[in-house]
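# Survey of secondary and tertiary structure
So you can see what is in the structure, the chains are spelled out below.
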Amino acid sequence: MPGTKTTTKFFILLLLLLLTTMMAVPAGAEIAAGCHCFRQRSYDPEAKFIADDYILATSFNSLTANIFNISKKQIVMLKMRGGVHQNDLLLSLRLSHDFGLDQQQLLNLRQKDYSWQKIISQSKPLSEIKDNILLTMIKSGKPVNDLGQEVANSMIADFYNAPKKEIEKLRLSGFNEKELALFFLLVRNKQVKPEDLVKQVKDEGQSWSEVAHKLDITPAMAGQLIANYGK
């Protein structure tokens, strides 16, 4: 029957379209902070900033995964499907790692609009700790951005064995945690002088993927180098 044939052709075309779309997405591709996979994951000299989002995201996600023994896929899924903000994710991972708290329970409380100050106040052992910088900041009601920055600074300092004051100084000059994760990889892996790297990015306007490209590091390699760092 004509109607049946038309319907069959429609479903076949729809199936082919779905298969084509699925094949176009690279396996294991990281997800941007929106709702799509990174489309540009290679350095392009004609559009030198186009791969920066990817190289910075994969660097920081790899750093987080390495430190807290969590898969990058899980990190991405928590951010995208779980709607977890990066600062809350970092705080939950740090508190879980350092004090044995249940990470998912912490995130569940945050989704119920509990402040980190209130969450910590419910744990008597944590309320009695006096010499921990992060806990002191939480108890004093510091903004979540400040708390997340403290966790990220400590992560980078410990991971790369870098002075925390140096990281804080670079922060003041305009570098964020994603940039610092890649910054210290380039300094440690390629023995680049920090001041030269600052000059290339801040004064000369080079992109992060451009700087890495000149050091023979592709965006995908950056994430893998951090994943394997110190192992």
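Here is a short report on the structure shown in this document. These numbers were taken from a predicted model, which means no experiment stands behind them.

This paragraph deals with the overall build of the protein chain. Broken down by element type, the protein chain carries 14 helices and 0 strands. Of the regular secondary structure in the protein chain, the N- to C-terminal order runs α-α-α-α-α-α-α-α-α-α-α-α-α-α. Relative to its full complement of 231 residues, the protein chain shows a buried share of 40%. Counting only contacts in the protein chain whose residues sit at least 6 apart along the sequence, the fraction spanning at least 24 positions is 56%.

L63, Y160, F184 and W208 are the most contacted members of the largest nonpolar core, which has 55 residues in total. Every residue in contact with L63, bar those within four places of it in the chain, is listed here: M155, I156, F159, Y160, A181 and I226.

This part covers the packing of helix α2 (residues 52-68) against helix α14 (residues 219-227). The N-to-C vectors of α2 and α14 enclose an angle of 15 degrees; their axes lie 8 Å apart at closest approach. In this view, α2 runs roughly parallel relative to α14, as classed from their interaxial angle. Pair α2 / α14 crosses with right-handed handedness. Where α2 abuts α14, its residues Y54, I55, T58, S59, S62, L63 and N66 lie against P219, A220, A222, G223, I226 and A227. Partitioned by chemical class, the residues of the contact of α2 with α14 number 8 nonpolar, 5 polar and no charged.

Conventions we followed
Residues numbered from 1 in each chain as written. Predicted model: local features only at pLDDT ≥ 70, side-chain atom pairs only at ≥ 80, totals over all residues. Heavy atoms only, no water. Helix = DSSP H or I, 4+ residues; strand = E, 2+ residues; numbered from the N terminus. Buried < 20%, exposed > 50% of the residue type's maximum accessible area, 1.4 Å probe, protein only. Contact = heavy atoms within 4.5 Å. Core = buried A, V, L, I, M, F, W, Y, C linked by side-chain atoms within 4.5 Å. Axes fitted to C-alpha atoms, helices over the stretch in contact; angles between N-to-C directions. Parallel < 35°, antiparallel > 145°, perpendicular 65-115°, else oblique. Left-handed = near helix turned anticlockwise from the far one by under 90°. Nonpolar A, V, L, I, M, F, W, Y, C, P; charged D, E, K, R; others polar.

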